[in-house]
Amino acid sequence: VWTVGALNANRGATMQIEVTVNAVGTHKNTVEITASTPADTNLTDNSAETTINVSAGSLNYDIEVQKDVSNSTANVGDTVQYTVYARNLGTGTATGVVLKDVLPSTMTYVSHSTQAGTYSQSTGLWTIGTMASGARVMLDITAKPNTTGTIVNTASLDDIDQTDGDSTNNED
């Protein structure tokens, strides 16, 4: 509420408000005179509005995928934990974020836990959903090698509603 005070005939007052727009879309701002003394006899000019259309502009989206393994020299039957990290390095809130980490047939799934979203062991899809700028979430997958040799297990960005601006960090 802005109390203007007394105004002489044919005079006006100005107020400037500076805002930061933090969402893409159409934003409307309305100003309205709600009371005056003496009473205003012309009510047709007591409000005004302005609209601003905000595009993605400087917003960018970049999901970084990192993966660690608890034991890189495991024996058959040892428990190994893969930890997958997803981090939004972009300036915008990313939506529809899905990572994929399918265990190879040389690994036997034991369990998993996640800080965000859901993981399907059968599809390998980790559906995270929405990630604010700077957010970092983690998925732990516990498994056991069932054969000898080198086992390669990769996690990667599978889907995002926006365009990921840096595909060089979408897989580990």
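These numbers come from a predicted model, not from an experiment. (Residues numbered from 1 in each chain as written. Predicted model: local features only at pLDDT ≥ 70, side-chain atom pairs only at ≥ 80, totals over all residues. Heavy atoms only, no water.)

## Some points on the overall build of the chain
- Summing up its helical and strand segments, the chain has 0 helices and 10 strands in all.
- Scaling as 2.2 N^0.38, a compact globule of 172 residues should have a C-alpha radius of gyration of about 16 Å, whereas the chain reaches 27 Å, well beyond that.
- Dimensions of the chain, computed from C-alpha atoms along their principal axes, come out at roughly 90 × 25 × 20 Å.
- Across the 172 residues in the chain, those meeting the buried criterion constitute 27%.
- The long-range share in the chain, meaning contacts at least 24 apart out of those at least 6 apart in sequence, stands at 70%.
- When the accessible area of the chain is evaluated, it comes to approximately 11,400 Å², of which 46% is carbon and sulfur surface.
- Across the chain, the centroid of the 7 positively charged side chains sits 4 Å from that of the 18 negatively charged ones. (Helix = DSSP H or I, 4+ residues; strand = E, 2+ residues; numbered from the N terminus. Rg over C-alpha atoms; globule rule 2.2 N^0.38 Å. Buried < 20%, exposed > 50% of the residue type's maximum accessible area, 1.4 Å probe, protein only. Contact = heavy atoms within 4.5 Å. Areas by Shrake-Rupley, 256 points an atom, 1.4 Å probe, with all protein chains shown as cover. Lys, Arg positive; Asp, Glu negative; His and termini not counted. Charge placed at Lys NZ, Arg CZ, Asp CG, Glu CD.)

## Topic: the sheet that holds strand 8 (residues 125–131)
- Overall, antiparallel pairing links the 4 strands, which are arranged 7-8-5-10 in an open sheet. Two strands in the sheet have a free side with no partner beyond their single neighbour: strand 7 (118–119) and strand 10 (156–159).
- Here strand 7 pairs with strand 8 via 2 bridges, running antiparallel. Directly across from Tyr119, in strand 8, lies its bridge partner Trp126. (Pairing = 2+ DSSP bridges.)

## Digging into the sheet that holds strand 6 (residues 107–114)
- Read across the sheet, 4 strands follow the order 3-4-9-6 without closing on themselves; strand pairing throughout is antiparallel. Looking along the sheet, the strands with just one partner apiece sit at the ends: strand 3 (63–69) and strand 6. Going from strand to strand, the sheet's axes swing by 20° on average, the running direction of each strand aside.
- Across 8 bridges, the pairing between strand 4 (residues 80–88) and strand 9 (residues 136–145) is antiparallel. Each residue of the ladder has a partner; that of Tyr85, found in strand 9, is Met138. (Axes fitted to C-alpha atoms, helices over the stretch in contact; angles between N-to-C directions.)

## So, a nonpolar patch on the surface
- A cluster of nonpolar side chains, namely Trp2, Val4, Leu7, Met15, Ile17 and Val19, defines an oily patch on the protein surface of about 600 Å² accessible area.
- Tracing the sequence through the fold places Met15 in the segment before strand 1 (25–32). (Patch = residues over 30% accessible without salt bridge, like charges linked within 9 Å, V, L, I, M, F, W, Y side chains within 5 Å. Salt bridge = Lys/Arg side-chain N within 4 Å of Asp/Glu carboxyl O.)

## Side note on the pattern of salt bridges
- For the structure shown, the criterion picks out 3 salt bridges.
- Residue Glu49 is joined to Lys28 by a salt bridge in which the shortest nitrogen-to-oxygen separation is 3.9 Å. Taken together, the positions of Glu49 in strand 2 (residues 47–54) and Lys28 in strand 1 put the pair 21 residues apart, joining distant regions of the chain.
- You can call Lys28 exposed: its relative accessible area is 57%.
- A salt bridge links Glu64 to Arg87; the nearest nitrogen and oxygen atoms lie 2.7 Å apart. One end of the pair, Glu64, is in strand 3; the other, Arg87, is in strand 4, and 23 residues separate them in sequence.

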